[in-house]
Amino acid sequence: MDTVTQGDAAEDTPLAREIADLTRRRSALAAEQLPLPAATRIFTVANQKGGVGKTTTTVNLAAALARGGSRVLVIDLDPQGNASTALGVDHRADTPSVYDVIIDDEPMTEIVQKSPEFEGLYCLPATIHLAGAEIELVSMVAREQRLRTSLQRFLDETPELFHYVFIDCPPSLGLLTINAFVAASEVLIPIQCEYYALEGLSQLLNNISLIERHLNPTLTVSTILLTMFDSRTNLANQVAQDVRDHFPDQVLPTPIPRSVRISEAPSYGQTVISYDTNSAGSLSYREAAAEIARRGAPN
């Protein structure tokens, strides 16, 4: 009798519960067929606060959707080029890049690269030249529209439908980010589950509202993703609840946990989806991607 009791207790340890939960989530994801949108959904992933997981979110959601059968394009609009690195595409200084598209009107068809991560995953890379683009854009005609014009031409000329486009923004609200807002129909905001999470968010929302009124009437904040979540701390749980209270319709149900595997993956030129597909971080991004696919574009 004692042996049975000890066995039951062993199965009720935190580690055993975690393993059982991961197994259940893996099975649920394996059984699900993600719906494909009938028209291209274009997301700008934005938050002027640095270090909230913008690039990590961009590449992992894109990879998760591509793994599920979607054709996905990632536009790396950050001069650091971290999204390009994580997707395993070349972005050395002499590589044709998004800079050539925005500044020199080069067609995207000649510059987009296929990511080795998954079939159907593509990237428009960024190089260090993009750092000077903000200054060069100031004097240009239709400076806020340049990315949208190029992207629309690319999507019109590409025979096979791209189901999703994700634009990774720099951590600022300059002309590059404005170009991203004008090119997109949806905004995805990653919010870190820490004390200063909501600081600056009102400024971001005000700017999005201005873009919507004056430059892009179809723009809407459709998705908010909680990142770097540590369920063991009261602070993280409180921040998560505050965000859900403020944005009940936009917040995805699955938060992204703090994870060593998520942090390690880019150093191998990979997303966590391919680096360790069954890890807690990968499962969370795959669940978030599935929720985005199920919700569909906002009306």
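Note that the structure is a prediction, hence the values are computed from the model and not measured. (Residues numbered from 1 in each chain as written. Predicted model: local features only at pLDDT ≥ 70, side-chain atom pairs only at ≥ 80, totals over all residues. Heavy atoms only, no water.)

### A short note on helix α9 (residues 201-214)
Line of reasoning, step 1. Helix length check: α9, at 14 residues, gives a terminal C-alpha distance of 20 Å against a target of 20 Å (1.5 Å per residue), a fit within 8%.
Line of reasoning, step 2. Those residues of α9 not exposed but buried are L201, L204, I208 and I211. Mapping the buried residues of α9 onto a view down its axis gives an arc of 85 degrees, with all of them on the same face. In this structure, α9 carries R213 and H214 as exposed residues pointing more than 90 degrees from its buried face.
Line of reasoning, step 3. Tucked into the core, α9 has its buried residues touching α8 (175-183), β6 (186-192) and β7 (220-227). (Helix = DSSP H or I, 4+ residues; strand = E, 2+ residues; numbered from the N terminus. Expected span 1.5 Å × (residues − 1). Buried < 20%, exposed > 50% of the residue type's maximum accessible area, 1.4 Å probe, protein only. Arc of directions from axis to C-beta. Contact = heavy atoms within 4.5 Å.)

### Brief notes about the side chain of D76
Line of reasoning, step 1. Mapping D76 onto the fold places it in strand β2 (residues 72-76).
Line of reasoning, step 2. In this structure, D76 is buried with no salt-bridge partner, the nearest side chain bearing the opposite charge being K54 at 11 Å.
Line of reasoning, step 3. Among the polar contacts listed, one links the side chain of D76 to the side chain of S84, at a separation of 2.7 Å. (Lys, Arg positive; Asp, Glu negative; His and termini not counted. Salt bridge = Lys/Arg side-chain N within 4 Å of Asp/Glu carboxyl O. Polar contact = N/O pair within 3.5 Å; in protein donor to acceptor, adjacent residues only side chain to side chain.)

### Overview of the pairing of β2
Line of reasoning, step 1. Across the 5 residues of β2, 5 count as buried, placing the element largely inside the fold.
Line of reasoning, step 2. Residue alternation in β2 divides its side chains into two sets, V72, V74 and D76 and L73 and I75, and both sets are buried.
Line of reasoning, step 3. Of the pairings in the sheet, the one linking β2 to strand β4 (residues 121-124) comprises 4 bridges and is parallel in character. Note that in β4 the partner of V72 across the bridge is L121.
Line of reasoning, step 4. Relative to strand β5 (residues 164-168), β2 runs parallel, the two sharing 5 bridges. Residue pairing for β5: V72 is matched across the bridge by Y164. (Pairing = 2+ DSSP bridges.)

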